[in-house]
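Survey of secondary and tertiary structure
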Amino acid sequence: MASTVGDFLVSRLSQWGVKRVFGYPGDGINGVFGALRRAGTIEFVQCRHEEMAAFMASAHAKFTGELGVCIATSGPGASHLLTGLYDARLDHMPVLAIVGQQARTALGGHYQQELDLVSMFKDVAGAFVQQATAPAQVRHLLDRAVRTALGERRVTALVLPNDLQEMPYESPARAHGTLHSGTGFNPPRIVPHPDALQQAAQILNAGKKVAILVGAGALQAREQVSAIAEKLGAGVAKALLGKAVLPDDLPWVTGCIGLLGTEPSLKLMNECDTLLIIGSGFPYAEFLPEEGQARGVQIDIAADMLGLRYPMEVNLMGDAAQTLDALLPLIEHKTRRSWRTKVEGWRKAWDKKLTQRALSKAAPINPQRVVHELSPRLPDAAIITCDSGSCANWFARDLRIRTGMECSLSGGLASMGAAVPYAIAAKFAHPERCVVALVGDGAMQMNNMAELITVAKYWRQWGNGRWICAVFNNQDLNQVTWEQRVMEGDPKFAASQDIPDVPYHLFALSIGLKGLYVEREQDVAGAWEQALASEVPVVIDFRTDPDVPPLPPHITLEQAKKFAGALLQGDPDQAGILRQTARQLISGLLPGHGKA
């Protein structure tokens with residue numbers, strides 16, 4: 001049988017090094033699925049929903065550094081991919097979406113499931129999106145889509161009409177109007193000009209109180225970040241996507257920054273005289289130094305991210321590791337360590353406060369304690385994923401990353417529903433490692449429960465069952481509830497915020513996984529130990545208290561006024577809110593407070 005366009009596509013993907021694709025079948029993409037079956041060279045992971053497939057492709061790129069690939073049918077299959085693709089786009093991940101389309105002869109005729117897919121993908125896959133019209137065109141379209149995704153760290157899309165997929169493949173003729181592309185991509189060395197490095201070094205060397213902020217762009221520059229921080233005597237704060245850049249056992253690492261961040265990170269930014277940002281697009285200006293307070297240097301591989309968050313004196317466009325390698329010999333070792341000592345003092349006091357907050361009483365379980373008890377029990381090289389919502393607060397603050405661990409979440413998009421598909425993709429990429437997903441009950445009900453079925457389908461292929469999903473079950477869309485109170489001054493709107501009570505552990509048991517139910521604080525540690533020792537994937541249903549406030553590192557007068565106003569209007573959870581807010585604010589000020 002002649003090789004079809006679908007066969008060629010699968011073969012070409014293999015030549016590009018693609019070993020796995022995530023998706024869902026449908027008649028608009030049947031020709032490619034038939035080719036996947038015939039070739040047997042690329043693993044297909046069947047998800048429950050195309051959105052989850054795109055999240056998995058994004059996570060695959062995050063946890064491997066490789067191209068992530070997702071595949072879907074025409075019409076609704078293609079449109080379902082969008083949210084996960086936007087997650088990849090906003091977090092600068094190389095992802096290729098392959099989608100089906102109706103037959104070429106039907107296009108333009110209001111045919112069933114006919115959508116203008118090129119227009120639909122134009123924003124999310126603006127770097128490259130094309131619809132193939134002839135067999136000889138597919139080669140250069142695929143090659144360019146892959147190379148663009150890898151080279152620009154962007155989302156690209158290839159649309160394949162279903163009749164084209166089944167046609168015999170034809171190589172492009174050696175003729176006018178044809179293209180003859182090839183495979184392969186080697187990342188370039190991107191380092192700033194020596195003069196710019198000298199200017200940056202002068203600013204950093206002159207600084208007496210240097211603060212460093214790292215993001216996802218510094219994940220492959222861990223040694224270099226540590227080295228420059230040591231030379232400068234700097235404190236290092238981490239954006240959420242940069243949480244795994246440096247381990248939290250370093251006393252001068254102040255933790256995450258922002259609304260979900262720590263007090264020492266806020267103090268670091270408020271008191272520094274020099275700011276170095278490495279690979280981060282952290283967006284919230286109120287948590288950075290006041291304009292004019294600090295001199296600034298930024299390193300980023302993307303020109304459009306430079307000088308965007310703070311007016312920098314020197315903007316260095318380059319790969320973080322390569323740029324720091326070139327910059328380090330120019331940096332002087334600071335002998336005075338009073339600033340570093342001050343930063344370490346802030347961090348030590350914060351650690352004590354954080355522990356006391358986590359151990360303060362709640363009804364039934366303090367959500368901070370869930371992550372507090374997990375942290376020391378995580379095995380080396382564990383991978384942790386987190387969803388958006390109040391659980392991200394505890395992930396940001398209470399989870400202590402050690403060397404060799406990885407973690408991630410939906411950063412730029414901050415989408416609900418990413419934690420479980422992220423954790424599935426992480427386990428496929430690294431089956432030997434323990435993977436833990438931290439998920440709110442809102443995200444579980446939205447779309448993550450269904451993906452537990454994907455875990456049940458595939459976990460035996462992983463060789464071990466060290467996969468855990470921890471659900472923060474408080475029957476409340478908690479992050480938004482608190483945002484309504486503190487940012488808007490509105491009491492909780494029960495009609496929008498209360499969600500059904502679902503026995504997640506029983507659902508897990510019903511599909512062949514292990515389920516644990518925890519409603520007492522004294523049982524939290526034991527549940528983690530049982531789950532981490534399990535040979536079967538585990539879902540832990542933690543009944544957590546929605547009234548524990550996700551306090552920002554600093555409460556402004558405006559926030560306090562709005563919070564008080566929300567309570568004065570009669571919040572339905574007022575009594576619990578007052579009790580838990582008092583406990584959290586007083587923790588660490590009075591001996592033994594919160595333990596009684």
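Owing to the predicted nature of the structure, the values given are computational and were not obtained by experimental measurement.

1. Overview of the UniProt feature "domain: Thiamine pyrophosphate enzyme central" (unreviewed entry) in the protein chain
UniProt tags residues 197-327 as "domain: Thiamine pyrophosphate enzyme central" (unreviewed entry). In the segment residues 197-327, helix accounts for 29% and strand for 21%; the C-alpha atoms at its two ends are 6 Å apart.

2. Digging into the packing of helix α10 (residues 222-232) against helix α12 (residues 320-327)
Viewed as axis vectors pointing N to C, α10 and α12 meet at an angle of 35 degrees, and their least axial separation amounts to 9 Å. For the pair α10 and α12, the crossing hand works out as left-handed. Across the interface between the two elements, Gln-224, Val-225 and Ile-228 of α10 pack against Ala-321, Leu-324, Asp-325 and Leu-327 of α12. The class makeup of the residues in the contact of α10 with α12 is five nonpolar, one polar and one charged.

3. What about the packing of helix α14 (residues 367-374) against helix α21 (residues 524-532)?
In contact at an axis separation of 9 Å, α14 and α21 are set at 45 degrees when each is read in the N-to-C sense. Put simply, α14 runs oblique to α21. Between α14 and α21 the crossing geometry is right-handed. Residue-level contacts link Arg-369, Val-370, Glu-373 and Leu-374 of α14 to Val-524, Ala-525 and Trp-528 of α21.

4. Observations concerning the sheet that holds strand β4 (residues 95-101)
Across a sheet, strands are paired by hydrogen bonds formed along the backbone, either parallel or antiparallel in direction. The strand order across the open sheet formed by six strands is β2-β1-β3-β4-β6-β5, and the pairing between neighbours is parallel. Two strands lie at the open edges of the sheet, namely β2 (43-46) and β5 (128-131), each paired on one side alone. Across the sheet, the axes of successive neighbouring strands diverge by a mean angle of 20 degrees, strand direction being ignored. Here strand β1 (residues 20-23) pairs with β2 via four bridges, running parallel.

5. Some words on unusual backbone geometry
The omega torsion across Ala-363 and Pro-364 is 0 degrees, close enough to zero to call that bond cis. Structurally, Pro-364 can be placed in the loop between α13 (338-359) and α14. Even without glycine at this site, His-110 takes up a positive phi of about 55 degrees. Within the fold, His-110 resides in the loop between β4 and α6 (117-121). Owing to a relative accessible area of 81%, His-110 belongs among the exposed residues under this scheme.

6. Thoughts on the sheet that holds strand β18 (residues 538-543)
Read across the sheet, six strands follow the order β14-β13-β15-β16-β18-β17 without closing on themselves; strand pairing throughout is parallel. In the strand order of this sheet, the two ends are held by β14 (406-409) and β17 (514-518), each with one partner. Across the sheet, the axes of successive neighbouring strands diverge by a mean angle of 15 degrees, strand direction being ignored. Note: strand β13 (residues 383-386) against strand β15 (residues 435-440), four bridges, orientation parallel. Each bridged residue has a counterpart across the sheet, and for Ile-383 the counterpart in β15 is Val-435.

About the thresholds
- Residues numbered from 1 in each chain as written.
- Predicted model: local features only at pLDDT ≥ 70, side-chain atom pairs only at ≥ 80, totals over all residues.
- Heavy atoms only, no water.
- UniProt positions renumbered as here; feature names shortened; annotations may be inferred.
- Helix = DSSP H or I, 4+ residues; strand = E, 2+ residues; numbered from the N terminus.
- Axes fitted to C-alpha atoms, helices over the stretch in contact; angles between N-to-C directions.
- Left-handed = near helix turned anticlockwise from the far one by under 90°.
- Contact = heavy atoms within 4.5 Å.
- Nonpolar A, V, L, I, M, F, W, Y, C, P; charged D, E, K, R; others polar.
- Parallel < 35°, antiparallel > 145°, perpendicular 65-115°, else oblique.
- Pairing = 2+ DSSP bridges.
- Buried < 20%, exposed > 50% of the residue type's maximum accessible area, 1.4 Å probe, protein only.

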